[in-house]
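A structural walkthrough
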Amino acid sequence: MDIRGWEERYRSRARAAEDYQAAPTPLVMQVAGQLAPGRALDLASGAGRNALWLAQHGWQVTAVDGAATAIAALREQARTAGLAIDARVADLKQHTFTIEPAAFDLVTICYYLQRDLFARAKSGVRAGGVLLAIVHTTEGDEEPTESRLRPGELAQYFNGWEILHLREGRSSDTAHKRSVAEIVARKPDD
């Protein structure tokens, strides 16, 4: 789906309620809950379910999404909750957001696939920091698409990193029905 499609989704009251009220991604809560809070970057943040949870738990959060309506909703929720979140509208596919090198202790990319984003996201992780990614995968005889990887493909983007968690199969997140690949990888010390 392109940014216009996401804008429509967030403007649609029926569909948007699911996004605005969704619980944080279970893997994000599990992983971030085991780390000392620091700087976090939530790429393709949507309406901010993970960004809000991270900020509530002491993280300094930058959230980025291409849908202005989603970022507006995130800013409003953060303001209402008294949370400071640097929420930015940027088209990740057009590279309009520059990821600061070695600046983040945690980078999350949940349910969003952009193959060329992995290298950029990895560069933003500090030595010893963690990148968490969850992507949809193909099922059965499906071929990979712009939004789905083949099973086994995600780990290839993290050669040389310490794999802390790798799982494929049905999503444990009730908001997602398709098969996924999950990875949590730690950037090696320099």
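Remember, predicted model here, so these are calculated numbers, not experimental data. (Residues numbered from 1 in each chain as written. Predicted model: local features only at pLDDT ≥ 70, side-chain atom pairs only at ≥ 80, totals over all residues. Heavy atoms only, no water.)

A few words now on helix α4 (residues 49-56). Side chains of residues three or four places apart in an α-helix project in the same direction, reflecting 3.6 residues per turn. Of all eight residues that make up α4, seven are buried, and the element is covered over most of its length. Arg49, Asn50, Ala51, Leu52, Trp53, Leu54 and Ala55 are the residues of α4 that are buried. Against the buried residues of α4 lie α3 (26-32), β1 (39-43), β2 (60-65), α5 (68-81), β3 (85-89) and β4 (104-110). Gly58 lies just past α4 and shows a positive phi near 90 degrees. (Buried < 20%, exposed > 50% of the residue type's maximum accessible area, 1.4 Å probe, protein only. Helix = DSSP H or I, 4+ residues; strand = E, 2+ residues; numbered from the N terminus. Contact = heavy atoms within 4.5 Å.)

Turning to unusual backbone geometry, a few remarks are in order. A positive phi angle, near 60 degrees, is found at His95, a position not held by glycine. Tracing the sequence through the fold places His95 in the loop between β3 and β4. Accessibility expressed as a relative area gives 37% for His95, which makes it partly exposed. Of note, the phi angle at Ala102 is positive, near 50 degrees, even though the residue is not glycine.

Let's shift gears to the pairing of β1. Within a regular strand, side chains alternate between the sheet's two faces. The element β1 is extensively covered by neighbouring structure, given that five of its five residues are classed as buried. Residues Arg39, Leu41 and Leu43 line one face of β1 and the alternating positions Ala40 and Asp42 line the opposite face, and both faces are buried. Summarising the sheet, β1 and β2 pair through five bridges and their orientation is parallel. Considered in β2, the bridge of Asp42 is made with Ala63. Handedness of the crossover joining β1 and β2 through α4: right-handed. Direction of pairing for β1 relative to β4: parallel, over a ladder of four bridges. Directly across from Ala40, in β4, lies its bridge partner Leu106. (Pairing = 2+ DSSP bridges. Right-handed = clockwise from strand over helix to strand, strands pointing away.)

Purely geometric numbers; function is a separate question.
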